[in-house]
Amino acid sequence: MRRPLVAGNWKMHGTRASVAELIKGLRLLALPTGVEVAVFPPCLYINQVMTGLDGKAIAVGAQNCAVEPMQGALTGEIASSQLADAGCTLVLVGHSERRQILGESDELLSRKFAAAQSCGLTPVLCIGETLAQREAGKTLEVVGRQLGSVIEELGVGAFARAVIAYEPVWAIGTGLTATPEQAQEVHAAIRAQLQAENAEVARGVRILYGGSVKAANAVELFGMPDIDGGLIGGASLNADEFGAICRAAGN
Ligand code: PGA
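Residues numbered from 1 in each chain as written. Predicted model: local features only at pLDDT ≥ 70, side-chain atom pairs only at ≥ 80, totals over all residues. Heavy atoms only, no water.

J.: Break down the site of the ligand for me, with residues and values.
T.: Around the ligand sit 13 residues, and of these Lys11, His95, Glu167, Gly173 and Ser212 come closest. With respect to the ligand, the backbone of Ser212 contributes an N or O atom lying 2.7 Å from an oxygen atom. Within the backbone of Gly233, an N or O atom sits 2.9 Å from an oxygen atom of the ligand. Taken by itself the ligand offers 280 Å² of open surface, and the protein chains cover 95% of this. Partitioning the shell around the ligand into residue classes produces four nonpolar, seven polar and two charged. (Near = heavy atom within 4 Å. Polar contact = N/O pair within 3.5 Å; in protein donor to acceptor, adjacent residues only side chain to side chain. Areas by Shrake-Rupley, 256 points an atom, 1.4 Å probe, with all protein chains shown as cover. Nonpolar A, V, L, I, M, F, W, Y, C, P; charged D, E, K, R; others polar.)

This is the structure we're talking about:
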């Protein structure tokens, strides 16, 4: 059985004061057993969150890592070794905002994925199609290429220690959610692509859905056979809403 994971991506939100409030709310949550919960604050607040959530069963991850695994001369970046040193256990790789706004390529993302794993971090590889690509009938092709590029570079075995997040770009922050059936179709295709190379890896890997997940639609989405939890943006900034989504994954 795959253990569900609910991950909160705080994106570029927060101040020291609002982060303190959110930590307070998260500490009060009754979290379901059997569900792994993680939050991804902006790097600046990772220490604050790590300290604030001490003793609470919530993992802390980063939203990005450098292409180089170890510290060195790379101005403005943060190495996976430094994230691990700060207590992070996970890192997002290839969120669509970074692919689209910062132009991160599949090739670059494979390097980040490898850098994260080499420092013991679990990469959460984000993949997903734009609205134009979906309307052109290219969803599975696009997602297959994004996943395939990491498999090609690092081998399918790399997914024995990774998480995948399927996030249709048109559903992120828009209030539009993929229907459970639309999401399931893509999740099944992702698993089949891995399965073609390694059945054990395909069976074990968790594939999260992301894109306007809320407490109100989480139960239905998480009820699909190949959806193993969620990557939550906007709704993760509200501790009560996030807690309700975590409980939905425990059902
Ligand atoms: P959203 O963001 O839940 O606000 O749509 C999801 C994400 O970008 O990870």
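J.: Any chance you could break down the packing of aromatic side chains for me, citing the residues and the numbers?
T.: In total, this model carries two aromatic pairs according to the counting rule given. Ring plane angle 50 degrees and centroid distance 5.2 Å describe the contact between Phe113 and Phe159, whose orientation is recorded as tilted. One end of the pair, Phe113, is in helix 5 (residues 106–118); the other, Phe159, is in the loop between helix 7 (139–154) and strand 6 (163–166), and 46 residues separate them in sequence. According to the relative accessible area criterion, Phe113 is buried, its value standing at 0%. (Phe/Tyr/Trp six-rings, centres within 6.5 Å; stacked < 30°, edge-to-face > 60°. Helix = DSSP H or I, 4+ residues; strand = E, 2+ residues; numbered from the N terminus. Buried < 20%, exposed > 50% of the residue type's maximum accessible area, 1.4 Å probe, protein only.)

J.: Give a description of unusual backbone geometry that names residues and reports values.
T.: Phi is positive for Lys11, which is not a glycine, with a value near 50 degrees. You can see Lys11 is positioned in the loop between strand 1 (5–9) and helix 1 (16–28).

J.: A description of the pairing of strand 6 should follow, citing residues and the corresponding values.
T.: Residues of strand 6 alternate between two faces, with Val163 and Ala165 on one and Ile164 and Tyr166 on the opposite face, all of them buried. Pairing analysis gives four bridges linking strand 5 (residues 122–127) to strand 6, with the strands arranged parallel. In the sheet register, Leu125 faces strand 6, and the bridge partner there is Ile164. Direction of pairing for strand 6 relative to strand 7 (residues 206–210): parallel, over a ladder of four bridges. Paired with Val163 across the bridge in strand 7 is Arg206. (Pairing = 2+ DSSP bridges.)

J.: I'd like a rundown of the packing of helix 7 against helix 8 (residues 180–195), residues and numbers included.
T.: Put simply, helix 7 and helix 8 touch, their axes get as near as 10 Å, and they point 35 degrees apart. For the pair helix 7 and helix 8, the crossing hand works out as right-handed. Contact residues: Thr139, Leu140, Val143, Gly144, Leu147, Gly148 and Ile151 in helix 7; Glu185, Val186, Ala189, Ile190, Gln193 and Leu194 in helix 8. Classifying every residue of the contact of helix 7 with helix 8 gives eight nonpolar, four polar and one charged. (Axes fitted to C-alpha atoms, helices over the stretch in contact; angles between N-to-C directions. Left-handed = near helix turned anticlockwise from the far one by under 90°. Contact = heavy atoms within 4.5 Å.)

J.: Provide a residue-level description of the sheet that holds strand 4 (residues 90–93), including the pertinent values.
T.: Taken in spatial order, the eight strands line up as 1-2-3-4-5-6-7-8 and close into a barrel, and their pairing is parallel. Direction aside, neighbouring strands of the sheet carry axes that sit 25 degrees apart on average.

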